[in-house]
There are 2 protein chains.
Amino acid sequence: MTRDFADFLAHCQQRVQNALPALLGNTGSEYAEAEAGPALQRLSDASSYSVLNGGKRVRASLVYATAQALGQLDKAGLDEIAGAIEMIHAYSLVHDDLPAMDDDDLRRGKATCHIAYDEATAILVGDALQARAFEILATLPSDNSDAKLALIQQLSAAAGPRGMVGGQAIDLAGVNQQLDLSALQTMHQLKTGALIRVAISMAATWCGADCHQLSQLDNYGKAIGLSFQVQDDIIDIESNTETLGKTQGADQALNKPTFPALLGMAGAKQLAVELHAKALEALSAFDHRATPLRDLSHYIIDRQH
Amino acid sequence: MTRDFADFLAHCQQRVQNALPALLGNTGSEYAEAEAGPALQRLSDASSYSVLNGGKRVRASLVYATAQALGQLDKAGLDEIAGAIEMIHAYSLVHDDLPAMDDDDLRRGKATCHIAYDEATAILVGDALQARAFEILATLPSDNSDAKLALIQQLSAAAGPRGMVGGQAIDLAGVNQQLDLSALQTMHQLKTGALIRVAISMAATWCGADCHQLSQLDNYGKAIGLSFQVQDDIIDIESNTETLGKTQGADQALNKPTFPALLGMAGAKQLAVELHAKALEALSAFDHRATPLRDLSHYIIDRQH
């Protein structure tokens, strides 16, 4: 990782981390006088616990890097957009970790939401975060109503049954099943790819990209959305639990289909490199301001956790 | 129930029931060729099962009755708005019925989603329905972007931690606890009231109500939002499981606070009558076209299931 990119990433992580507490709000404090206060405070605490737990903020960084590529890193609303997407991501992890789903106790080295709080709270945290994400987009600080609506449309499609939730359904059905490469790709394009891709397209839409730029950035998004999951599968096998912050080999243990299982480890690594090349190719018409996007693609296939 | 009102209610139920299948879409069929198809089909089937299960459609009827009160029953978009609200309502029931929440096997006389399918699917169905509801609002057939945004803002606030989900959190914390009347009202204003109230305000906003009308209709919504729950508590004690379509006395069995428990049965019935009077009072400036809204208020405190 270059020094410049490390700085950029740290800057993005800090920027969204600073924005998130206000975006989450604190429902508990509004009702602090009432008997209802403690329950709302607990929901609020559990939501903050789940969102502010030191993720890598890849999706937020993609929002900022896309804005940077279009020369609009200072445009108002980017923090809200990055925050809303991170909330959708966080809610999906909270629900994925539930006992009825992947049943994970550990996430980023900390107890998952249903372990730190309880299962019912974890279900409600996810539900609340999803609603809040759309509320944030609907109240973005701008008079451009059409752009706000476009973002809501994009995010709701990416998060719903034709996106993230659909991918999770395929993933669950894939436990103990053999998926072929095409089905595995479809699953990941929906489960992880859709939200990564939409982070880029939302930032591009918000920053007024023209339709040629939108299409190129979307090709970039498709490539890295898939390479992200290929690398995740590689990491799941190669890293130990300490580095990973979640149970190592969890997907293998569940007998879930993975890219290394289908392509071999060398084949999976080759695919990641090819997708990185595709991502760079998609950015060929962009100037030096797209350097963070290029670096992000490299970071995605280079990270070890 | 008058003949006219019975006809109106049947018409509303039919109208939203006709609209819902297309609004839900069928994700499975889009991927029918791929190996991923069956999992998406199952998610789609479970979503339809949960939404199209013959609810009373009170919230949809409130959308239509409000439009009628404003002389706009034919305005395009009402079916989509009613459908989106019913999807949010259906998702909340699917999640509330989960083992970690109220653990209900029966809903409207049929197996709950996690019984008919499985727990993971039920979690995903709820998540998918919420995303889809916002997608529907973002793509309403109209050029009025500001109105669409206003609806999304209203629904996301009503569904989130300061609304429905917050109310559910208070409800869960209330099991085996003593809430006083004020805390019980806060809980229900959020858990059930917020969505009922927003059905009215969304329809009023969409139909271009002026701010005086909005305020009066919102007062109506506040009153019936609460009377709805008071009557639910009464029904839970007085009806048998067959009439109710869910386990009779379930709230009592969970030792949840209820209005009859706090006020006595006579006191709870008196409160329902007073709230009905308040609802009618809020409509005093409206003409005969608000008759369905008036009848709905009476229906809410008169129904036996």
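Relevant structure appears above.
Quick look at the structure, then. (Residues numbered from 1 in each chain as written. Chains lettered and ligands numbered in written order. Predicted model: local features only at pLDDT ≥ 70, side-chain atom pairs only at ≥ 80, totals over all residues. Heavy atoms only, no water.)

## Section: the overall build of chain A
Of the regular secondary structure elements, chain A holds 15 helices and two strands. Taken over C-alpha atoms, the radius of gyration comes to 19 Å for chain A, in line with the 19 Å a tight globule of 305 residues would show. Expressed as lengths along the three principal axes of its C-alpha atoms, the size of chain A is roughly 60 × 45 × 35 Å. Counting all 305 residues of chain A, 57% fall into the buried class. Counting contacts in chain A only where the partners sit at least 6 residues apart, residues at least 24 apart contribute 73% of the total. For chain A, the accessible area works out to roughly 11,200 Å², and carbon and sulfur atoms hold 47% of it. Here chain A contributes 23 positively and 37 negatively charged side chains, and the mean placements of these two sets differ by 4 Å. (Helix = DSSP H or I, 4+ residues; strand = E, 2+ residues; numbered from the N terminus. Rg over C-alpha atoms; globule rule 2.2 N^0.38 Å. Buried < 20%, exposed > 50% of the residue type's maximum accessible area, 1.4 Å probe, protein only. Contact = heavy atoms within 4.5 Å. Areas by Shrake-Rupley, 256 points an atom, 1.4 Å probe, with all protein chains shown as cover. Lys, Arg positive; Asp, Glu negative; His and termini not counted. Charge placed at Lys NZ, Arg CZ, Asp CG, Glu CD.)

## Here's the deal with the environment of B:Gly55
Secondary-structure assignment places B:Gly55 in the loop between α3 (37-51) and α4 (58-69). Of the residues examined, B:Gly55 reaches a relative accessible area of 11% and is grouped as buried.

## Details of the relation of the copies chain A and chain B
Between chain A and chain B, which share one sequence, the superposing operator has a rotation angle of 180° and an axial displacement of 0.0 Å; the RMSD is 0.0 Å. In the structure described here, the two chain copies are related by an operation that fits a two-fold rotation axis. Scanning chain A for the C-alpha nearest the rotation axis identifies A:Ser145, at a separation of 2.9 Å. Most of the interface of chain A is mirrored in chain B: 100% of its interface residues are interface residues there too. (Least-squares fit on C-alpha atoms with pLDDT ≥ 70 in both.)

## Re the pattern of salt bridges
With the rule as written, the count across this model stands at 24 salt bridges over all chains. A salt bridge links A:Arg15 to A:Asp79, with the shortest nitrogen-to-oxygen separation between them at 2.7 Å. Of this pair, A:Arg15 sits in helix α1 (residues 3-24) while A:Asp79 sits in helix α5 (residues 78-96), and the two are 64 residues apart along the sequence. Accessibility expressed as a relative area gives 18% for A:Arg15, which makes it buried. The exposure class of A:Asp79 is partly exposed, given its relative accessible area of 24%. For A:Arg107, the salt bridge goes to A:Asp97, with nearest N and O atoms at 2.8 Å. With A:Arg107 in strand β1 (residues 106-107) and A:Asp97 in the loop between α5 and β1, this residue pair connects regions lying ten residues apart in the sequence. Several salt bridges share partner residues, and in doing so they unite A:Arg132, A:Glu135 and B:Arg162 into one network. (Salt bridge = Lys/Arg side-chain N within 4 Å of Asp/Glu carboxyl O.)

## Side note on the packing of aromatic side chains
Enumeration according to the criterion identifies five aromatic pairs over all chains in this entry. Relative to B:Phe134, the ring of A:Phe134 lies with its centre 4.9 Å away and its plane at 25°, an arrangement referred to as stacked. Taken together, the residues span two chains, with A:Phe134 in helix α7 (residues 119-138) and B:Phe134 in helix α7 (residues 119-138). Comparing A:Phe134 with B:Phe134, the two get one shared label, buried. Ring centres 5.9 Å apart and planes at 55° place the aromatic pair B:Phe5 and B:Tyr299 in the tilted group. Placement of B:Phe5 in helix α1 (residues 3-24) and of B:Tyr299 in helix α15 (residues 291-302) is noted, with a sequence separation of 294 residues between them. Sitting over the face of the ring of A:Phe228, A:Arg59 holds its NZ or CZ atom 5.4 Å from the ring centroid. Over the aromatic face of B:Phe228 sits the side chain of B:Arg303, whose NZ or CZ is 4.0 Å from the ring centroid. (Phe/Tyr/Trp six-rings, centres within 6.5 Å; stacked < 30°, edge-to-face > 60°. Lys NZ or Arg CZ within 6 Å of the ring centre and 35° of its normal.)

## Section: a negative patch on the surface
A contiguous patch of negative charge on the surface is contributed by A:Asp143, A:Asp146, B:Asp143 and B:Asp146. Tracing the chain through its elements places A:Asp143 in the loop between α7 and α8 (145-159). The class for A:Asp143 is exposed, based on a relative accessible area of 78%. (Patch = residues over 30% accessible without salt bridge, like charges linked within 9 Å, V, L, I, M, F, W, Y side chains within 5 Å.)

## Some points on the side chain of A:Arg57
All names here are of chain A. Here Arg57 shows up in the loop between α3 (37-51) and α4 (58-69). A polar contact of 2.9 Å, which involves the side chain of Arg57, links it to the side chain of Gln17. Once residues within four sequence positions are removed from consideration, Arg57 is found in contact with Gln13, Val16, Gln17, Leu20, Val51, Leu52 and Glu86. (Polar contact = N/O pair within 3.5 Å; in protein donor to acceptor, adjacent residues only side chain to side chain.)

## Notes on helix α10 (residues 181-206) of chain B
Along α10(B), the sharpest kink reaches roughly 55°, centred on B:Gly193. Following α10(B) by one or two positions, B:Gly208 has its phi on the positive side, about 75°. (Bend = angle between axes of the 7 residues up to and from the residue.)

## Overview of the interface of chain A and chain B
A common way to state how big an interface is: give the accessible area lost once the parts meet. Contacts between the two partners involve 51 residues from chain A, matched on the other side by 51 residues from chain B. Roughly 4,500 Å² of surface becomes buried between chain A and chain B when both sides are summed, with 71% attributable to carbon and sulfur atoms. Where chain A touches chain B, the interface holds two salt bridges. Put simply, B:Glu135 and A:Arg162 hold a salt bridge, and the shortest N to O gap is 2.7 Å. At the surface where chain A touches chain B, the tally comes to ten residue pairs in polar contact (both at pLDDT 80 or more). Only α2 (27-30), α3, α5, α7, α8, α9 (164-174) and α10 (181-206) of chain A provide two or more residues apiece to the side of chain A that touches chain B. Considering each element in turn, the side of chain A that touches chain B owes the most residues, twelve residues, to α7(A). Of the residues contributing to the side of chain A that touches chain B, the split by class is 29 nonpolar, twelve polar and ten charged. (Buried area = accessible area lost by both parts, 1.4 Å probe. Nonpolar A, V, L, I, M, F, W, Y, C, P; charged D, E, K, R; others polar.)

## Here's the deal with unusual backbone geometry
Negative phi values dominate among residues other than glycine, just as trans dominates among peptide bonds. Residue and element names in this part refer to chain A. With a phi angle near 55°, Asp103 is a residue other than glycine that sits in the positive phi range. Mapped onto the elements, Asp103 comes out in the loop between α5 and β1. Residue Asp103 is classed as partly exposed on the basis of its relative accessible area of 44%.

## Concerning the packing of α10(B) against helix α14 (residues 259-282) of chain B
All names here are of chain B. With their axes 12 Å apart at the nearest point, α10 and α14 run at an angle of 75° to one another. As judged from the angle between their axes, α10 and α14 are roughly perpendicular. Here α10 contributes Leu181, Leu184, Gln185 and His188 to the contact with α14, which in turn contributes Phe259, Leu262, Leu263 and Leu271. Here the contact of α10 with α14 is composed, by residue class, of six nonpolar, two polar and no charged. (Axes fitted to C-alpha atoms, helices over the stretch in contact; angles between N-to-C directions. Parallel < 35°, antiparallel > 145°, perpendicular 65-115°, else oblique.)

## Regarding a nonpolar patch on the surface
Judged by side-chain polarity, A:Leu181, A:Leu262 and A:Leu263 come together as a nonpolar surface patch covering roughly 200 Å² of accessible area. You can see A:Leu263 is positioned in helix α14 (residues 259-282).

## Let's talk about the packing of α4(A) against helix α15 (residues 291-302) of chain A
All names here are of chain A. Put simply, α4 and α15 touch, their axes get as near as 8 Å, and they point 150° apart. With respect to each other, α4 and α15 are oriented roughly antiparallel. Along its contact with α4, which presents Val58, Ser61, Leu62, Ala65, Thr66, Gln68 and Ala69, the element α15 presents Pro292, Leu293, Leu296, Tyr299 and Ile300. A breakdown of the residues in the contact of α4 with α15 according to their chemical character gives nine nonpolar, three polar and no charged.

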